[in-house]
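What the coordinates show
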Amino acid sequence: MKRMPFERPTERYDERLYPIDEQLCSLLKQRKDTSNKNPGFPPLEDISKWAEKYDLYEDLLRTMFGILRNEDDFRPRVEPTNFQKYIPVLKAVEKEQCLYSVTCIRQYSNASVVNFIIEREPSEEEQFPRHSYWHLWIGEEYDCRQTGGGGSEGHISYNFIVSPPLPDDVSGIDLIFKETLAPSKRNETGLEIVMHIE
């Protein structure tokens, strides 16, 4: 899903806030570095204590710490442009009565798109199958973002935008798909599908 362009909500700004706002940015950077980009979430009793001590609303603090926990959601997003070609992959892994496959990678000038397909035979007693989310990991140098998915009974497909683009020769690359119970990369279920491209 594409982000809407951000528009400044008002032209008004109290210039006396500038040094405080800059200090907030410095503290956010310090917090990110100290936590090694994995801050967790403060205990609710601490949030209540801080809200009372600094005359702030608890909901404001809970929302703020929730946003800080998911910093990756705010990374600049690359939208694929200038289609180049298809790179055949033709890899499949069978695990836990499901077939996971990647048939090809679509190559663009600024990104690659990996299509991840899951085939499963629905059981008769399973009226509402568990919905899960998937994340793709290729390496530290690649940003992999799921852009949605869809399907029908027994079949689902997910697209992942990878930037920078993968090399045209993808042999030797591992595509690692990890299942989670929420859109965030946290709450992994432990199910991991690894496809080694030869």
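Residues numbered from 1 in each chain as written. Predicted model: local features only at pLDDT ≥ 70, side-chain atom pairs only at ≥ 80, totals over all residues. Heavy atoms only, no water.

Moving on, we get to the nonpolar core. Formed by 26 residues in total, the largest nonpolar core has its most connected members in Val-114, Phe-116, Trp-134, Leu-175 and Phe-177. Every element with two or more residues in this core is listed here: strand S1 (83-95), strand S2 (98-108), strand S3 (112-120), strand S4 (133-137), strand S6 (155-163), strand S7 (174-180) and strand S8 (188-196). By residue number, the principal contributor to this core is S2, which donates 4 residues. In this view, Val-114 contacts Val-102, Ile-105, Leu-136, Tyr-158, Asn-159, Phe-160, Val-162, Leu-166, Leu-175 and Phe-177; residues no more than four positions away in its chain are not counted. (Core = buried A, V, L, I, M, F, W, Y, C linked by side-chain atoms within 4.5 Å. Buried < 20%, exposed > 50% of the residue type's maximum accessible area, 1.4 Å probe, protein only. Helix = DSSP H or I, 4+ residues; strand = E, 2+ residues; numbered from the N terminus. Contact = heavy atoms within 4.5 Å.)

It is worth spelling out the confidence of the model for the protein chain at this point. Per-residue confidence for the protein chain averages 88 on the pLDDT scale, and 91% of its residues sit at or above 70. The secondary structure element of the protein chain with the lowest average pLDDT is strand S5 (residues 143-152), at 84, and the one with the highest is helix H2 (residues 44-53), at 96. (pLDDT = per-residue confidence, 0-100.)

For the rest of this paragraph, the subject is the environment of Asp-33. Examined against the element boundaries, Asp-33 turns out to sit in helix H1 (residues 18-35). Accessibility expressed as a relative area gives 46% for Asp-33, which makes it partly exposed. A C-alpha to C-alpha distance of 18 Å links Asp-33 and Asp-73, two positions 40 residues apart in sequence.

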